[in-house]
Amino acid sequence: MTKLRLAIVGAGPAGIYAADILLKTERGFDVSIDLFEQLPAPYGLVRYGVAPDHPRIKGIISALRDVLDTGRIRIFGNVLYGRDVTLDDLKKHYNAVIFSTGAVRDADLDIPGIDLPGSYGAADFVSWYDGHPDYPREWPLKAKEVAVIGNGNVALDVARILAKHADDLLPTEIPANVHEGLAASPVTDVHVFGRRGPMQVKFTPLELRELGELCDVDMIVHDEDFDYDEASKAAITSNKQVFVIDKVFTQWRARPAGEASRRLHLHFYAKPVEVVGSDAVESFRYERTEPDGEGGVRGTGEIREIPIQAIYRAVGYFGSPLDGIPFDEKRGVIPNREGQVLDDNDEQLHGVYATGWIKRGPVGLIGHTKSDAMETIKNLVNDQASWWAPSHPDESAIVELLESRGVEYTDLDGWHRLDQHELALGEPEGRVRIKVVPRDDMVRVSRTED
Ligand SMILES: Cc1cc2nc3c(=O)[nH]c(=O)nc-3n(C[C@H](O)[C@H](O)[C@H](O)COP(=O)(O)OP(=O)(O)OC[C@H]3O[C@@H](n4cnc5c(N)ncnc54)[C@H](O)[C@@H]3O)c2cc1C
């Protein structure tokens, strides 16, 4: 029987779901799947993006682990596509490749002053508090007043982690250096700014409601933002999420003024204009907007300014190009038709597929990567006639190649060792786990047999 030797690059949810779906798909050939991941640990943004105080979402890791634990997928961690393996290597060893490399960097926000010291990308901050090995261990948390730009779930994650008292994060898996950093933060006020109205936000009701439950943090919203236009009123009656969001705001607005030591302010109809400062961030200037009657907003010309000493832009993530693979610079994705990668002439690039955030752009929840993967796998299976014909399809050949190059790859057993090690570190302190952060330590623990 024919065998599909498949390489998947990126062991986030999209890559793991793709492997799972392929294994479960009815097909007339055998499969053998190798998953390449640049980090020594799998799970992508579920491990290094989802906030540590969201244990229910982090729990998706157990479902992903079950897929890996079927023993039908090999994982090669600590292997960077483009450096440790190339497209030519993959063509020699596999019939096809799926790229599921996600998106890790911040989208730009093009306003004056955005590069001042004290101005940060949300993705970098998230990587710090989630213990990503490739980011600095120290984070400057010296500001009393902070702005967060954006109205999606990532903006709320960043605002919540900044406003929350560090000890309330102790039961989670945050690394010790992150707890230390947050505990020393002098922050009193976190201001979240959105260009549009409270009924046009991108965050979900659950994330919003959670803000109102933070210990010793008052939620501040402003009456002027709640004079709903017809489009907002229509959204409340037609959309269940918006209905719940409106309910949450109504409850907050009815609350008496609090006396908490920290405040989290939500500002709507606020379009970023400038980050002001000479040597560092000193204030944030924005233009008041108003509803345009069609569900959008227009500027009013009224400029407002508030003092801040740090600003975080949470205006979206952006994908990164991969060696030898077409890339859409505008959207930050691999150009594709339902997962089949397209070349510059919009022709299918045989043997090359994409799934997850690098296929569709950095929007949507983990669950969405499953439907992505179904579409990509369907096309991969149907394309059997145009798969590559590898010269070294033997499963041992890729291992020999990595070893000949001195790549210190980690495998599934290695991940189990690291996982157990982290759980054991957390146990005496009553914590879920304590993440190992330095890459060398992760690799050492993974590769050291008991
Ligand atoms: C801050 C944040 C919070 C979120 N919170 C939630 C939430 O609470 N609930 C929810 O449902 N969704 C949440 N999401 C969305 C969720 O994380 C994504 O939908 C999902 O992770 C996308 O999956 P992916 O596999 O496409 O990408 P990723 O999860 O990014 O995985 C891509 C993998 O590819 C690897 N990779 C990249 N380049 C290479 C290379 N050259 N070689 C080898 N490997 C490579 C990366 O290291 C990574 O492991 C959140 C996202 C962010 C950014």
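Predicted model only: the values in this text are computed from it and were never measured.

Cut-offs and rules
Residues numbered from 1 in each chain as written. Predicted model: local features only at pLDDT ≥ 70, side-chain atom pairs only at ≥ 80, totals over all residues. Heavy atoms only, no water. Pairing = 2+ DSSP bridges. Helix = DSSP H or I, 4+ residues; strand = E, 2+ residues; numbered from the N terminus. Buried < 20%, exposed > 50% of the residue type's maximum accessible area, 1.4 Å probe, protein only. Polar contact = N/O pair within 3.5 Å; in protein donor to acceptor, adjacent residues only side chain to side chain.

Student: Honestly, the pairing of strand β11 (residues 270-276) in this entry has me stumped. Any pointers?
Tutor: Two faces, one strand: in a regular strand the side chains alternate between the faces of the sheet. Alignment of β11 against strand β12 (residues 283-291), held across 6 bridges, turns out to be antiparallel. Within β12, the residue paired with Val275 across the bridge is Phe284. In this structure, the hairpin formed by β11 and β12 is closed by a connection of 6 residues.

Student: Sorry, what's going on with the pairing of strand β4 (residues 96-99) here?
Tutor: Side chains Ala96 and Ile98 project from β4 onto one buried face, and the interleaved Val97 and Phe99 project onto a second face that is buried too. Both strand β1 (residues 3-9) and β4 contribute to a ladder of 4 bridges, which runs parallel. Note on β4: the bridge partner recorded for Val9 is Phe99. Bridge analysis of β4 against strand β18 (residues 348-354) gives 3 bridges, and the strand direction is parallel. What sits directly across from Val97, in β18, is Val352.

Student: I keep staring at the sheet that holds β1 and nothing clicks. Help me out?
Tutor: For sheets, the rule is that strands pair by backbone hydrogen bonds, running either parallel or antiparallel. On the basis of which strands lie adjacent, the open sheet formed by 7 strands has the order β3-β2-β1-β4-β18-β17-β16 and mixed pairing. Across the chains shown, the open sheet's two edge strands, defined by having one partner strand only, are β3 (73-76) and β16 (336-337).

Student: What is the right way to read the environment of Glu305 from this model?
Tutor: Along the chain, the position of Glu305 falls in strand β13 (residues 297-307). We classify Glu305 as partly exposed; its relative accessible area is 39%. In this structure the side chain of Glu305 is engaged in a polar contact, spanning 2.6 Å, whose partner is the side chain of Ser283. Within the structure, the side chain of Glu305 is placed 2.8 Å from the side chain of Arg285, a separation counted as a polar contact.

So, to be careful, I would describe these as geometric facts and stop short of saying anything about function.
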